Structures are given as structure tokens and as C-alpha cells.
Amino acid sequence: MVENIIVIANQFNIEGTILEINNLNSGHINDTYLVNTNTNQHYVLQKLNGFVFKNTIDIINNKVYSSQYIEAQVEALNTPVKCTRFYKTNTGYYYYKDKNEQYWNMQNYIANSITYDKAPNAKVVFEAGKLYGSFMMLTKNIVKNKIKETLPNFHNIPIRINQFEKALSLASNDRKLNADNAIKFVLEHKKEMCRLAELKSKNTFPIRITHNDAKLANVLFDKDQKGLAVIDLDTVMPGIVHFDFGDSIRSICTNKEEDSNEYESIEIQLDYYEAFCKGYAFYTSKLFTDKEIEYLPLGVKTIVFIMGLRFLTDYLNNDIYYKTNYENHNLVRANNQFYLLKSVINNYDSIKQITKTAFKLNNIS
Ligand code: GN1
Ligand code: MG
């Protein structure tokens, strides 16, 4: 336990006396800690990564506003979903800025909750789908200008491709050689992967409030594997639903964890895909337009590609963005995503059919 973290945690107006603070080792970007107190309520303290999140105050405002909005909707609609709440500092702010100009925030820990890095069964998948679907339903009426676009172009494929090309032109020969297959894969597929961006630019889909990191690790479950809450509101922004849906599928319906290097055996699990769609459709089949539903499968392809591309770009940039645990970690993550994408492409007809049935749509392209 680091001494000054206690000092930082004590800046927040929480109940009880802090007994212990432990690193939660969750996520690729921020530093997250579990704060145990002498009461039944424990807390999650987070230091935001200032390299990634430049406009930190807007990020915190987005998080606080969306969590309060969701909490009010949960109560109003009597939805069986939990949400986390942010705490103010003793001086009345939702963030504390430390001596190194790093921003911290504090929220409640949902007791007895667990997360998974890999889905253990279809029930968990269904529950995750239901929760992410409830997120879309609960946020559907948020006034869009209340939520800022804090990471502009976060899922903008042409811009991600430009970033990759720039990284490629500056990368070391060693890294380029190691990443040869992944680089070839990107060059082969990049054109097709811009299709969703084209559709978006033609206003084919409504702009909603989206989570933008809708992965399995951002869902809390109880001990009976019932879904409790969606967490990690760092990237809540206006956007199209396809990226959220795709992010869920890539992390929930794969048979391997995101950094598994058992590439040849990575595949999308269609029974999980079906379970996720059924859970997701529970709250969204009437909310989404036919066009939105029609292109959900393209969202899957596109986001798997974007994630692989971002990991690969960071690898070529010598790992300046994501936390890594070993030398080729980002390359392994990138290869993993590209193998998953191959499986998605090979199973695309079934994916479209399952989507159509789950969302009760007649035509799907
Ligand atoms: C990052 O830090 P974490 O795990 O919440 C990233 C997401 C990626 C994810 C990959 C702000 O999220 O976009 O999907 O890693 N967040 C940011 O697991 O870049
Ligand atoms: Mg995140």
C-alpha cells in the first residue's frame, strides 16, 4: 500500500475510516484501486491517465452526468440494474488534482461483485447482453450536448488507419519484421473496414449515447452469475451503437482471452453470439431502427479490426498507449484480434442469420 494514495483517498468525502488500499490491476489505461474502509461500503479510486485523457475534466463530467442520469432512469423505470455513484472531494469537486497534476475520482464499489476476462458460459453472455442493452435503453433520452466528445475520432476508422500508416513509416525494422503478418492483414482488409464510417457519414444511423468500451470486463456479476451493472464510464460519448455491440462480441463471444497467443484456435462462438443477441435484444429490439440492426454484424467486423489495428499501431509506436506486461504484448493482442476477425468473416452468414432472428428483422444485408 502506497502512503500517498491514502492521502489522496482521504480527499474524498466518503464514509468510514480507510483501512487498506489495493491495486485492482484492471484496464489498460488508468490506475484503479480498491479502498477498504471500516464500514460495509468500500470504494474504487481511480487515477486517470493524462496521456490518453487530455480533457480530463470533461471526461469526469461525462462520467458523473451519465451515472446520475442512469441512476435516475433505473429508479424511474424500475429496471433491475445497479450503477456506481461518484463522490465529491471535501472541497466539493468530483475530482482531486494531485501535486503532479494527475486527476483522481472516487466511486462506490458494488459489494460482492465479480468480473470475467473470458465468458464461462452462455448464461453470463446473455446477462452481459441484457446489461449492455439496458445501457442503450436507459440513456436513450439523454440530451446529447450534455455529453462531450472527449476522445474525438475514437472509433474513426480512416483516422485510425492514418495513425497506423504514420506509425508504420516510423517503426523500427525489428518491430516491422515481427509484425509482418499483422501489417499485411491490415493492408488487405482496410478498404472493407471503412464501410461503416461511410454509412455513418451519410447519417444512416441515429447518434446515441454509447459506452465505447463495452467489453466483458466492464460488466459486474453477482456470485450466481446474474448481471449487476455496467461500469467504466470513461469513454461514454455520442456515437453509433455498432461499435458497442461489436466490442461486446469481440470480448464476450471469443473462445480465448484478448491476449492469448493460441492464434490458430481463436474463434467466435456462435452459441455465445446467439445468447448475447438475445440478451441485447431484450431492451433494444424495439428501440433500434431496422438499419441499425441490419448493420450490427458489420459493427462486429469493424470493431475487431479497429482493436487489432490500435494494438498494432501501439506496437509499432513502441508501446506508448496501452499498458503492457512484456515486450510483444501489443503484437500478441493485435494478432489475436485479426485471427478472431478471420473467424468472424468465415462465420458471417451464420452471424447475420442469428442477428436477424434475435432482433426479429426481415432483411439483413
Ligand atoms: C482500453 O483501459 P481499458 O481496458 O478500460 C481502451 C479501449 C480498448 C480496451 C481494450 C480509452 O480500455 O478502447 O477497447 O483497452 N480505452 C481507451 O481492451 O483507449
Ligand atoms: Mg475503458
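Within each chain, residues carry numbers counting from 1 in the order of the written sequence. Chains and ligands are labelled by the order in which they are written, letters from A for the one and numbers from 1 for the other. It should be noted that, the model being predicted, local features are given only for residues of pLDDT at least 70 and side-chain atom pairs only at 80 or more, the latter also being counted only at that level, while totals for whole chains, interfaces and linings use all residues. For side-chain calculations, the full set of non-hydrogen atoms in the structure is used, while hydrogens and water are omitted.

**Overview of the packing of helix H6 (residues 180-189) against helix H12 (residues 329-346)**
Argument step 1. Axis separation between H6 and H12 bottoms out at 10 Å; the angle between their running directions is 45°. In this view, H6 runs oblique relative to H12, as classed from their interaxial angle. Where H6 crosses over H12, the two elements pack in a sense that is left-handed. Together, Ala182, Phe185, Val186 and His189 of H6 and Leu331, Asn335, Phe338, Leu341, Lys342 and Ile345 of H12 make up the contact between the two elements.
Argument step 2. Put simply, Ala, Val, Leu, Ile, Met, Phe, Trp, Tyr, Cys and Pro go in the nonpolar bin, Asp, Glu, Lys and Arg in the charged bin, and everything else, Gly too, in the polar bin. Partitioning the contact of H6 with H12 into residue classes produces 7 nonpolar, 2 polar and 1 charged. Fitted lines through C-alpha atoms give the axes, limited to the stretch in contact for helices. The angle between two N-to-C directions lies from 0 to 180 degrees. Strands are runs of DSSP state E lasting at least two residues, helices are runs of H or I lasting at least four, and both sets are numbered from the N terminus onward. Our angle categories are set so that under 35 degrees counts as roughly parallel, over 145 as roughly antiparallel, 65 to 115 as roughly perpendicular, and the remainder as oblique. The handedness criterion is simple: a crossing whose near helix is rotated anticlockwise from the far helix by less than a right angle is left-handed, and one whose near helix is rotated clockwise is right-handed. Contacts were defined at the residue level, with two residues in contact if any of their heavy atoms lie within 4.5 Å.

**Let's talk about the coordination of the magnesium ion (ligand 2)**
Argument step 1. The coordination sphere of the magnesium ion (ligand 2), as far as protein atoms go, consists of Asp213 (OD) and Asp232 (OD), spread over 2.1 Å. Here the residue aspartate 213 occupies a position in the loop between strand E7 (208-210) and strand E8 (219-221), and aspartate 232 occupies one in the loop between strand E9 (227-230) and strand E10 (237-239), the gap between them amounting to 19 residues.
Argument step 2. Between buried and exposed lies partly exposed: a residue is buried under 20% and exposed over 50% of the maximum accessible area for its type, with that area taken using a 1.4 Å probe on protein chains only. The exposure class assigned to aspartate 213 is buried, which follows from its relative accessible area of 19%. Sites may look incomplete because water is not among the atoms; the donors themselves are N, O and S atoms within 2.8 Å of the metal, or within 3.2 Å for Na, K and Ca.

**A closer look at the pattern of salt bridges**
Argument step 1. Any Lys or Arg side-chain nitrogen found within 4 Å of a carboxyl oxygen on Asp or Glu counts as a salt bridge. Inspection of every chain in the model, using the stated rule, returns 18 salt bridges.
Argument step 2. Here aspartate 58 and lysine 148 are joined by a salt bridge, their closest N and O atoms 3.9 Å apart. Of the two residues, aspartate 58 sits in helix H2 (residues 56-77) while lysine 148 sits in the loop between helix H3 (122-138) and helix H4 (157-170), which places them 90 residues apart along the sequence.
Argument step 3. The salt bridge involving arginine 250 is made with glutamate 258; its shortest N-O contact spans 2.8 Å.

**A closer look at the domain arrangement of the protein**
Argument step 1. A domain assignment, automatic or from a database, supplies the domain bounds used here. Domain parsing of the protein yields domain 1 (2-108) and domain 2 (122-358).
Argument step 2. Look at where the C-alpha atoms of domain 1 and domain 2 centre, and you get two points 26 Å apart.
Argument step 3. With 28 residues of domain 1 in contact, the opposing surface of domain 2 contributes 29 residues.
Argument step 4. Counting the contacts that link domain 1 with domain 2 gives 3 salt bridges.
Argument step 5. Between aspartate 234 and lysine 63 there is a salt bridge, with its nearest N and O atoms 2.6 Å apart.

**With respect to the site of ligand 1**
Argument step 1. It suffices for a single heavy atom of a residue to lie within 4 Å of a molecule or strand for the residue to be listed as near it. Ligand 1 sits among 17 residues. The nearest are His28, Asp213, Lys215, Arg310 and Tyr321.
Argument step 2. In protein, a polar contact means a hydrogen-donor-capable atom and an acceptor-capable atom, both N or O and within 3.5 Å, with residues adjacent in sequence counting only if both atoms are side-chain atoms; elsewhere, any N or O pair within 3.5 Å suffices. Histidine 28 places a polar main-chain atom, nitrogen or oxygen, 2.8 Å from an oxygen atom of ligand 1.
Argument step 3. One nitrogen or oxygen atom from the side chain of arginine 310 is found 2.7 Å from an oxygen atom belonging to ligand 1.
Argument step 4. For ligand 1, the protein covers 96% of the area, taking 450 Å² as the surface of the free molecule.
Argument step 5. Counting residues per element, the shell around ligand 1 draws most heavily on helix H11 (residues 296-316), at 3 residues.
Argument step 6. Residue composition of the shell around ligand 1, by class: 8 nonpolar, 3 polar and 6 charged.
Argument step 7. Each of domain 1 (2-108) and domain 2 (122-358) accounts for three or more of the residues forming the shell around ligand 1. For every accessible area listed, the method is Shrake-Rupley and the probe measures 1.4 Å; residues are considered covered only by the protein chains on display.

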